[in-house]
Amino acid sequence: MPVTQANRRQFLRTAGPAIAMPYIITSSALGAGGRAPASERIVMATIGCGGQGTGDMQGFLGFPQVQMVATCDVVAGHRENAQRIVNNHYHNRDCKDYNDFREVLDRPDIDAVLIGTPDHWHALITIAACKAGKDIYCEKPECLTIKEGRAMADAVGRHGRVFSGGSQRVLGDYGDWPRLVRGGALGEIKEIYADCWGPSGDCYLEPQSVPPGVDWEMWLGPAPWRPFHDSLISGGFRPYRDYSGGGMTDWGAHRFGAAMFAAGLHKTGPVEIIPPDGKDHKLLTYVFANGTKMYHGGTGDITYKGTEGSLPGRHRTPTARVDMEGYRGEGGIFGDFLHCVKTRELPFRNIEVAHRTTTVCHLGNIAYWLNRPLRWDPVAEQIVGDPEANRWLDRPRRGPWAL
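This is a predicted model, so every value here is computed, not measured. (Residues numbered from 1 in each chain as written. Predicted model: local features only at pLDDT ≥ 70, side-chain atom pairs only at ≥ 80, totals over all residues. Heavy atoms only, no water.)

### A few points about the overall build of the protein
And then number 1: The helix and strand tally for the protein stands at 14 helices and 14 strands.
And then number 2: Scored against the burial criterion, the 403 residues of the protein give a buried share of 53%.
And then number 3: Nonlocal contacts in the protein, meaning residues at least 24 apart in sequence, comprise 70% of its contacts between residues at least 6 apart.
And then number 4: Accessible surface for the protein amounts to roughly 17,600 Å². Of this, 53% is attributable to carbon and sulfur atoms. (Helix = DSSP H or I, 4+ residues; strand = E, 2+ residues; numbered from the N terminus. Buried < 20%, exposed > 50% of the residue type's maximum accessible area, 1.4 Å probe, protein only. Contact = heavy atoms within 4.5 Å. Areas by Shrake-Rupley, 256 points an atom, 1.4 Å probe, with all protein chains shown as cover.)

Here's what the structure looks like:
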């Protein structure tokens, strides 16, 4: 359980009758109205209140053990809208709104944060949250660069935090497919096709005036400076390399993540990444050490091909049920995270698994951007024999922001 909850419980046990009177224990504190008692609640804040962040926040509000107490966004309209949703949910005005995430992390009463910012902020906020003793649910793609992903994983481990990445589709969209693949319904997996959009590129949006209520300097944060454009604060940042890896990291986090999980490749990485050349390689190709090839495209979703069949398509019935990782607790990926906050278990999409998936996405982008094959060492997390390509494992950051 979070430290703050443990301290509250210990205090109440040791204080005993001395605090029994004259205090009045309210029905809300005791958990009336379907809410968990205060000692069992997970106190949360939402950092990044655009469409996805607010949508996730509303998902967490559906759990009686959650007490959402703060919303944070550099766009005043976003955070104030999220604040209204929270206050209306609880029928009070207790939720506070913030422009700067550091003020949220300074609050000792907060156990966990939901990070729904644009991608270029995920790593810095996650690492700061770890240092502040908070558990983290972070939207996908979890990082902007491969080095960021490793720094996040190191921080989570060093500070003993619970971290869940936010790709509900890895497990939620494909029913029993992972069990079929792992159970041998297709025989030995030879090829996987996973579809998502392509890489991000440079941003050439026309400059606009910064409207009132937008902290543009803070929105950019570690990203290179550029003039304001309203599409960037309205979810339109994904096509641009300074803030995102494009469709490769957006839907790639879902579909490459699901494909690797089903094939049992989710704790490693490819050893070769080959961009399309119009001849031998029609599609971007990942080659894993066991010989499995995974392609970007060639299907409308995900297709598995093995020695005994394919999905979707004809396949045999596995002879035995296969045990595999799944969500802990109840309530999908949100419930998995909340369960693990209390038990300190590893969530389904823990930081190491999320990092491996985003690494695949980023390596695909680097191969596209440089238009040449890459050799990858998934243990050392280095591109082999290509110093120029290795420079793409991270990006310069605008001061004062640094990993």
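After that view, the rundown keeps rolling.
### Things to note about the packing of helix 7 (residues 146–159) against helix 13 (residues 351–370)
And then number 1: At their nearest, the axes of helix 7 and helix 13 sit 9 Å apart, and the two run at 175 degrees to each other. Regarding the angle of helix 7 to helix 13, the classification is roughly antiparallel. Of helix 13, the residues touching helix 7 (which contributes I146, G149, R150, M152, A153 and V156) are I351, E352, H355, T359, H362 and L363.
And then number 2: Taken together, the residues of the contact of helix 7 with helix 13 break down into six nonpolar, four polar and two charged. (Axes fitted to C-alpha atoms, helices over the stretch in contact; angles between N-to-C directions. Parallel < 35°, antiparallel > 145°, perpendicular 65-115°, else oblique. Nonpolar A, V, L, I, M, F, W, Y, C, P; charged D, E, K, R; others polar.)

### Observations regarding the sheet that holds strand 3 (residues 96–98)
And then number 1: Across the sheet, six strands lie side by side as 3-2-1-4-5-6; this open sheet has parallel pairing. Two strands bound the open sheet, and with one partner strand each, they are strand 3 and strand 6 (163–165). Put simply, the sheet's adjacent strands are angled 20 degrees from each other on average, direction ignored.
And then number 2: Across three bridges, the pairing between strand 2 (residues 66–72) and strand 3 is parallel. By the bridge assignment, C72 is partnered in strand 3 with Y98. (Pairing = 2+ DSSP bridges.)

### Describing the confidence of the model for the protein
And then number 1: Residues with a pLDDT of 70 or more make up 90% of the protein, whose mean pLDDT is 91.
And then number 2: Confidence drops under a pLDDT of 50 for residues 1–30, and excluding neighbours within four residues, the segment shows 30 contacts in the predicted structure. (pLDDT = per-residue confidence, 0-100.)

### Examining helix 6 (residues 122–131)
And then number 1: Of all 10 residues in helix 6, eight are buried; the element is thus mostly enclosed.
And then number 2: Listing the buried residues of helix 6 in full gives H122, A123, L124, I125, T126, I127, A129 and C130.
And then number 3: Structurally, helix 6 contributes buried residues whose contacts are with strand 1 (42–47), helix 5 (101–105), strand 4 (112–115), strand 5 (135–138), helix 7 and strand 6.
And then number 4: Immediately downstream of helix 6, the backbone of G133 shows phi near 80 degrees, a positive value.

### Details of helix 4 (residues 76–90)
And then number 1: End to end, helix 4 covers 21 Å across 15 residues, agreeing with the expected 21 Å (1.5 Å per residue, within 8%).
And then number 2: For helix 4, the set of buried residues is A76, R79, A82, Q83, V86, N87 and Y90. Around the axis of helix 4, the buried residues are gathered within 140 degrees of arc, so they sit on the same side.
And then number 3: Those residues of helix 4 that are buried lie in contact with helix 3 (51–61), strand 2 and strand 3.
And then number 4: Remark: H91 follows helix 4 within two positions and exhibits a positive phi of approximately 60 degrees. (Expected span 1.5 Å × (residues − 1). Arc of directions from axis to C-beta.)

### Examining the pattern of salt bridges
And then number 1: The full count for this structure, using the stated rule, is 26 salt bridges.
And then number 2: When the shortest N-O distance is used, the salt bridge between R102 and D100 registers 2.7 Å.
And then number 3: Taking the relative accessible area as the measure of exposure, R102 reaches 41% and is therefore partly exposed.
And then number 4: Here R397 ties to D394 by a salt bridge, and the two come within 2.6 Å at their closest N and O atoms.
And then number 5: Among the residues examined, R397 registers a relative accessible area of 22% and is labelled partly exposed.
And then number 6: Each of R150, D154, E352, R356 and E381 takes part in a single network of salt bridges with overlapping partners. (Salt bridge = Lys/Arg side-chain N within 4 Å of Asp/Glu carboxyl O.)

### Thoughts on unusual backbone geometry
And then number 1: With an omega of -10 degrees, the peptide bond running from L311 to P312 counts as cis.
And then number 2: Secondary-structure assignment places P312 in the loop between strand 12 (309–311) and helix 12 (332–343).
And then number 3: The amide bond that connects G399 to the next residue, P400, takes the cis arrangement and shows omega of 10 degrees.
And then number 4: Within the secondary structure, P400 sits in the segment after helix 14 (387–390).
And then number 5: Of note, the phi angle at R344 is positive, near 70 degrees, even though the residue is not glycine.
And then number 6: By secondary structure assignment, the location of R344 is in the loop between helix 12 and helix 13.
And then number 7: The exposure class of R344 is partly exposed, given its relative accessible area of 33%.
And then number 8: In this model, E381 sits at a positive phi of 55 degrees, which is unusual for a non-glycine residue.
And then number 9: Assignment of secondary structure puts E381 in the loop between strand 13 (374–377) and strand 14 (382–383).

### With respect to the nonpolar core
And then number 1: Counting 46 residues, the largest nonpolar core has F101, V113 and W219 as its most contacted members.
And then number 2: Ranked by residue count, the leading element in this core is helix 6, at six residues.
And then number 3: Contacts of V113, omitting those with residues within four sequence positions, involve M44, A45, I47, L105, A129, D135, I136 and Y137.
And then number 4: Membership of the second largest hydrophobic core comes to 36 residues, among which are F288, I302, V360 and L363. (Core = buried A, V, L, I, M, F, W, Y, C linked by side-chain atoms within 4.5 Å.)

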